[in-house]
Amino acid sequence: MSTLRAVVHNAVGLGLFAAVTVGVIALTATFTSERIAAQEERVRQAALFEILEATTDADIDLDQRVALTVSALGHREAREAVIARRNGRAVALIVPVRIPDGYGGPIEVLLGIEPDGRVAGVRVVAHRETPGLGDDIERRRSDWIESFRGRGLGEPPLAQWTVRADGGAFDGFTGATITPRAVARGLGRALVWFEDDGYTLLEDAP
Ligand SMILES: Cc1cc2nc3c(=O)[nH]c(=O)nc-3n(C[C@H](O)[C@H](O)[C@H](O)COP(=O)(O)O)c2cc1C
């Protein structure tokens, strides 16, 4: 084989190899992102049920969705909130809140708020806190997140929506104060938004 033919032969071989590799990577990325999206949706659905302490679809109607872009809730683009109903009556607004100042990065929660401004329930749906230190915000790791259920502004007052180490009303975690502080303060801020503006979404709900 002449040198030129050998070079062309190798170049074609390499080109084909590169094309196949790129194709395989692109396909894998597509399937992976679809699986991640499906998994995120499952986590979200489970969180909605847990926030409302619902066990079956018959208990609760989660079909009414509203798009919200609220910078006070950390939204940088439109996010989906849910107006939850029982027997046709709006019982809670469930809003996504992005708490920016976790130890490992933003903490994504779903916060259910009752028409009177009290917390119906909260679930952390994504975070990058350290396993064994900051991840007690997850319900499967601890019941800490349940300490917000039923609380509203005034119970405690806004200044106490933080950890006890700061004079707040909520427990911290041993050796990891940053995570629970961020969550407690972030939820307090979200309740202020509800009291100022968000309540109208439930009042105006058809
Ligand atoms: C590797 C590493 C990971 C940490 N992860 C967390 C965390 O996830 N959440 C947190 O609040 N603090 C975390 N901390 C601890 C903080 O640095 C800080 O010491 C602590 O939150 C302050 O709480 P304290 O007042 O109870 O000491 C981590 C520290 C190290 C060295």
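Residues numbered from 1 in each chain as written. Predicted model: local features only at pLDDT ≥ 70, side-chain atom pairs only at ≥ 80, totals over all residues.

Scanning the protein chain from terminus to terminus reveals two helices and five strands. Starting at the N terminus and ending at the C terminus, the protein chain contains elements arranged as α-β-β-β-β-β-α. Along the three orthogonal principal directions, the C-alpha set of the protein chain runs to about 85 × 45 × 30 Å. In the protein chain, which comprises 206 residues, the share counted as buried stands at 29%. When contacts within the protein chain are restricted to residue pairs at least 6 apart in sequence, those whose partners lie at least 24 apart make up 49%. (Helix = DSSP H or I, 4+ residues; strand = E, 2+ residues; numbered from the N terminus. Buried ≥ 20, exposed ≤ 12 C-beta atoms within 10 Å, placed from the backbone. Contact = placed C-beta atoms within 7 Å.)

Here we take up the sheet that holds strand S2 (residues 79–86). Strand order in this open sheet of five strands is S1-S2-S3-S4-S5, and the pairing throughout is antiparallel. A strand with exactly one partner marks an edge of an open sheet, and here the two such strands are strand S1 (61–68) and strand S5 (119–126). Direction aside, neighbouring strands of the sheet carry axes that sit 25° apart on average. Two strands pair when backbone bridges link them, and strand S3 (residues 89–99) and strand S4 (residues 107–113) are joined in this way by seven bridges, in the antiparallel orientation. By the bridge assignment, Val97 is partnered in S4 with Val109. The strands touched by helix H2 (residues 178–203) are S1, S2, S3, S4 and S5; relative to S3, the strand with the most contacts, the crossing angle is about 135°. (Pairing = 2+ DSSP bridges. Axes fitted to C-alpha atoms, helices over the stretch in contact; angles between N-to-C directions.)

Chain-level statistics for the protein chain give a pLDDT mean of 94 and a share of 99% at 70 or above. Predicted confidence in the protein chain is weakest over helix H1 (residues 3–51), with a mean pLDDT of 88, and strongest over S4, with 98. (pLDDT = per-residue confidence, 0-100.)

Let us now look at the site of the ligand. Close contacts around the ligand come from Tyr103, Gly104, Glu129, Thr130, Leu133, Gly134, Gly175, Ala176, Thr177, Ile178 and Thr179, and that covers them all. Among the residues forming the shell around the ligand, the class breakdown is four nonpolar, six polar and one charged. (Near = placed C-beta within 6 Å. Nonpolar A, V, L, I, M, F, W, Y, C, P; charged D, E, K, R; others polar.)

Take unusual backbone geometry next. What you tend to see is this: most non-glycine residues have negative phi, and most peptide bonds are trans. The omega angle of the peptide bond from Glu155 to Pro156 is 0°, so this bond is cis rather than trans. Relative to the assigned elements, Pro156 resides in the loop between S5 and H2. For Glu53, which is not glycine, the phi torsion reads 55° and is therefore positive. As for its placement among the helices and strands, Glu53 is situated in the loop between H1 and S1.

Now for the pairing of S3. Note: S2 against S3, five bridges, orientation antiparallel. Following the sheet pairing, Val82 is matched in S3 by Ile94. Taken together, S2 and the strand that follows it, S3, pair antiparallel across an intervening segment of two residues, in which Asn87 is found at a positive phi of about 50°.

This next bit is on the environment of Asp197. Residue placement: Asp197 occurs in helix H2. A residue is classified by how many C-beta atoms lie within 10 Å of it, and Asp197, with 11 of them, is exposed. In sequence terms Asp197 and Arg65 are 132 residues apart; their C-alpha atoms lie 17 Å from each other.

Here the focus is the nonpolar core. By size, the foremost hydrophobic cluster in this structure holds 38 residues, and its most contacted members are Ile94, Leu111 and Leu187. When residues of this core are traced back to their parent elements, those giving at least two are H1, S2, S3, S4, S5 and H2. No other element matches the seven residues that H2 contributes to this core. If near-sequence neighbours (up to four positions away) are discounted, Ile94 is found in contact with Leu48, Ile51, Ala81, Val82, Ala84, Leu110, Leu111 and Gly112. (Core = buried A, V, L, I, M, F, W, Y, C linked by C-beta atoms within 7 Å.)

Between its first and last C-alpha, H1 extends 71 Å over 49 residues, near the 72 Å set by a 1.5 Å rise per residue. Of all 49 residues in H1, three are buried; the element is thus mostly exposed. What H1 keeps buried is the set Ala47, Leu48 and Ile51. Elements that come into contact with the buried residues of H1 comprise S1, S2, S3, S4 and S5. Trailing H1 by a residue or two, Glu53 shows a phi angle of about 55°, which is positive. (Expected span 1.5 Å × (residues − 1).)

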